[in-house]
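Coordinate analysis (summary)
Residues per chain are reported as follows:
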Amino acid sequence: MPLTADFRTPDESPSVTYPLQIVRCDTCTVLQVNEAVDPASIFNERYPYFSSSSPEIRSHFSQFASDLLAMAAVPDDGLVVEIACNDGGLLKNFASMGYRTFGVEPSHRQAEMARSHGLDVMQAFFGRVAGASIRDQQGPASVVIACNVLAHVPDPVDFVQGLAGLVGDEGVVVIETGYAPDLVANGAFDTVYHEHIFYHTAASLGFLLDRAGLAMDRLAHVDRQGGSIVATARKKGPGRQAES
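All figures in this text were calculated on a predicted structure; none of them were measured in a lab.

Cut-offs applied
Residues numbered from 1 in each chain as written. Predicted model: local features only at pLDDT ≥ 70, side-chain atom pairs only at ≥ 80, totals over all residues. Heavy atoms only, no water. Helix = DSSP H or I, 4+ residues; strand = E, 2+ residues; numbered from the N terminus. Areas by Shrake-Rupley, 256 points an atom, 1.4 Å probe, with all protein chains shown as cover. Buried < 20%, exposed > 50% of the residue type's maximum accessible area, 1.4 Å probe, protein only. Contact = heavy atoms within 4.5 Å. Pairing = 2+ DSSP bridges. Axes fitted to C-alpha atoms, helices over the stretch in contact; angles between N-to-C directions. Core = buried A, V, L, I, M, F, W, Y, C linked by side-chain atoms within 4.5 Å. Disulfide = S-S within 2.5 Å. Phe/Tyr/Trp six-rings, centres within 6.5 Å; stacked < 30°, edge-to-face > 60°. Arc of directions from axis to C-beta.

Glancing now at the overall build of the protein. Secondary structure summary: the protein contains seven helices and twelve strands in total. For the protein, the exposed area adds up to about 11700 Å²; of that, 51% sits on carbon and sulfur atoms.

Structure representation (structure tokens):
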């Protein structure tokens with residue numbers, strides 16, 4: 001018998017039950033929940049998660065920002081954009097170092113919290129249209145960060161195409177997402193729920209980046225959130241190969 005999950009809409013109308021089943025794509029090897037829930041019913045004014053609430057995560061954000069800047073060699077006037085910036089816990093590290101920053105966050109309270117830190121934040125779901133709009137307003141990004149958001153996106157191709165359209169020709173896209181082989185090896189099936197639609201492998205992430213015109217040039221396996229992979233990618237060019 002499949003698992004089920006209940007969701008209540010923001011207007012407190014009766015909850016809706018969705019089956020919770022996970023399937024695998026034989027072409028790209030991604031795992032995904034078979035029935036997606038409207039993201040607006042999750043990422044709304046009642047969304048409870050604030051990323052900066054954990055001292056451990058705040059420390060991780062500080063180190064993540066330092067490591068990324070050392071790796072990416074961002075110019076002094078470079079633009080750093082974070083997709084799903086939540087309350088600005090990561091993005092404000094870049095702002096404090098003098099970089100131009102811009103955040104995208106669909107949840108109202110989290111976007112307001114990020115703005116209270118002096119960050120410029122668009123409250124929206126991200127994709128090709130939002131990416132093009134940000135580029136028109138802010139210029140091409142030197143770095144586009146998407147940490148622990150790709151798993152939540154119903155249309156990952158549109159999402160990654162948005163990243164590709166926003167990043168500059170010499171810029172870098174950084175994606176951190178949960179690693180499906182760790183989920184299976186550790187039996188961590190309690191982490192399978194409708195907020196997390198996709199569970200990626202290295203192959204499925206590379207397949208997705210390729211479809212958006214991006215080439216993965218670095219891939220790392222990290223222990224965060226039960227096992228994750230962190231990929232950096234750039235617009236396609238000759239001679240690029242992924243590093244482990």
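With that settled, consider the environment of Ala212. Note on placement: Ala212 falls in the loop between helix H7 (202–211) and strand E11 (214–222). A relative accessible area of 15% places Ala212 in the buried class. Considering only alpha carbons, one finds Ala212 and Gly162, 50 residues apart in sequence, at a separation of 8.4 Å. Other than its neighbours up to four places away in sequence, Ala212 contacts Val160, Gln161 and Ala164.

Taking strand neighbours across the sheet as the criterion, the seven strands line up as E7-E6-E5-E8-E9-E12-E11 in an open arrangement whose pairing is mixed. Of all the strands in the sheet, the pair left with one neighbour each is strand E7 (121–122) and E11. Pairing between strand E5 (residues 79–83) and strand E6 (residues 100–104): five bridges, direction parallel. Each residue of the ladder has a partner; that of Leu79, found in E6, is Arg100. In the packing of helix H4 (residues 128–138) onto the sheet, contacts are made with E5, E6, E7, strand E9 (167–178) and strand E12 (228–235), and the angle to E6 comes to roughly 155 degrees.

For the rest of this paragraph, the subject is the sheet that holds strand E10 (residues 198–199). Across a sheet, paired strands are connected by hydrogen bonds in the backbone, their directions being either parallel or antiparallel. In space, the three strands of this open sheet follow the order E3-E4-E10, with antiparallel pairing throughout. Each edge of the open sheet is held by one strand with a lone partner, namely strand E3 (22–24) and E10. Of the strand pairs in this sheet, strand E4 (residues 31–33) and E10 are connected by two bridges, and their pairing is antiparallel. Bridge pairing in E10 links Leu31 to Tyr199.

Counting residues in each nonpolar core, the largest one holds 34 residues, and the members touching the most others are Phe126, Phe159 and Leu163. Looking at this core element by element, the count peaks at six residues for helix H5 (residues 156–166). Leaving out residues up to four positions away in the same chain, Phe159 has contacts with Ile83, Phe126, Gly127, Ala146, Val149, Leu150 and Val153. Counting 24 residues, the second largest nonpolar core, distinct from the first, contains Leu68, Leu91, Val172 and Val174.

Attention now goes to the state of the cysteines. Under the definition given, this model contains zero disulfides. Cysteine Cys28 is unpaired, with the sulfur of Cys25 as its nearest cysteine sulfur at 3.7 Å. Of the residues examined, Cys28 reaches a relative accessible area of 11% and is grouped as buried.

Throughout the structure, instances matching the rule amount to one aromatic pair. Note on Phe126 and Phe159: the rings are 5.5 Å apart at their centroids and 80 degrees apart in plane angle, and the pair reads as edge-to-face. Here Phe126, found in the loop between E7 and H4, pairs with Phe159, found in helix H5; they are 33 residues apart in sequence, far enough to count as distant. Among the residues examined, Phe159 registers a relative accessible area of 2% and is labelled buried.

The next subject is H7. In an α-helix, one turn spans 3.6 residues, which is why side chains three or four residues apart end up on the same side. Within H7, the full set of buried residues consists of Ser204, Leu205, Leu208 and Leu209. Taken down its axis, H7 places every buried residue within 135 degrees of arc, on the same side. The elements touched by buried residues of H7 are H5, E9, E11 and E12. Just downstream of H7, Gly213 is the residue with a positive phi angle, here 80 degrees.

Treat this as a map of the structure, not an account of what it does.
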